[in-house]
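Below are the chains, spelled out letter by letter.
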Amino acid sequence: MTVPGSLYDRICEVVCRIPRGRVASYGQVAAEAGLPGHARLVGYALHNLPDDTNVPWHRVVKARGGISLDIESGAGRFQRALLEAEGVIISGPDVIDPRYFLSDSFTDPME
DNA sequence: TGCTTGACATAAT
DNA sequence: CATTATGCCAAGC
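Quick caveat, the model's predicted, so the values are computed rather than measured.

*Asks:* For this particular structure, what's the right way to read a nonpolar patch on the surface?
*Replies:* Side chains of L7, L41 and Y44 sit close together on the surface and give an oily, nonpolar patch of about 290 Å² of accessible area. Within the secondary structure, Y44 sits in helix α3 (residues 39-48). Judged by relative accessible area, Y44 falls into the exposed class, the value being 58%.

*Asks:* I keep staring at the protein's contact with DNA strand B and nothing clicks. Help me out?
*Replies:* In the region of DNA strand B, 13 residues are neighbours, and R40, G43, H47, W57 and A63 sit closest. Taking the atoms of DNA strand B that fall within 4 Å of the protein, sugar and phosphate contribute 37% of them. Take Y26: an N or O atom from its side chain is 3.2 Å from a base nitrogen of DNA strand B. Between DNA strand B and S68, the relevant distance is 3.4 Å, taken from a phosphate oxygen to a side-chain nitrogen or oxygen of the residue. Per-element tally for the surface near DNA strand B: the top contributor is α3, with 6 residues. Considering only residue class, the surface near DNA strand B consists of 7 nonpolar, 4 polar and 2 charged.

*Asks:* Any chance you could explain the side chain of R59 here in plain terms?
*Replies:* For R59, the position within the fold is in the loop between α3 and β2 (60-61). Using a relative accessible area of 10% as the deciding quantity, one classes R59 as buried. Not counting chain neighbours up to four residues away, the residues in contact with R59 comprise I18, P19, R20, R22, V23, A24, Q79, L83 and E86.

About the thresholds
- Residues numbered from 1 in each chain as written.
- Chains lettered and ligands numbered in written order.
- Predicted model: local features only at pLDDT ≥ 70, side-chain atom pairs only at ≥ 80, totals over all residues.
- Heavy atoms only, no water.
- Patch = residues over 30% accessible without salt bridge, like charges linked within 9 Å, V, L, I, M, F, W, Y side chains within 5 Å.
- Areas by Shrake-Rupley, 256 points an atom, 1.4 Å probe, with all protein chains shown as cover.
- Salt bridge = Lys/Arg side-chain N within 4 Å of Asp/Glu carboxyl O.
- Helix = DSSP H or I, 4+ residues; strand = E, 2+ residues; numbered from the N terminus.
- Buried < 20%, exposed > 50% of the residue type's maximum accessible area, 1.4 Å probe, protein only.
- Near = heavy atom within 4 Å.
- Polar contact = N/O pair within 3.5 Å; in protein donor to acceptor, adjacent residues only side chain to side chain.
- Nonpolar A, V, L, I, M, F, W, Y, C, P; charged D, E, K, R; others polar.
- Contact = heavy atoms within 4.5 Å.

Have a look at this one:
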């Protein structure tokens, strides 16, 4: 289980901070995790996460607003379902309104 | 220890 | 719109 100190651990921690009903891009999560520009590591970490993880990995999307996984495939459909369950409407494979993204910081504004 | 890969981002072609 | 190129770097082999 992710040794403390590993980048995985930091990344999953940041992902856990994403408020419900919101999404963040890989680059944004990376930046908040203290890894500016290391968006790839975020995806790498998420892929490593177990199925029973408590990390809402589904809230992590591409910068343009879209699921990296194949939306028409199992994992993609699963993520879309989770996002819609949180209130995030996905109209297409790369169509997510910017209003769902975290504006600046993860500091939950508490709506 | 060095090369390859990768749930990315962005610009250019 | 698809592909290419570059950056940036950890993990896997």
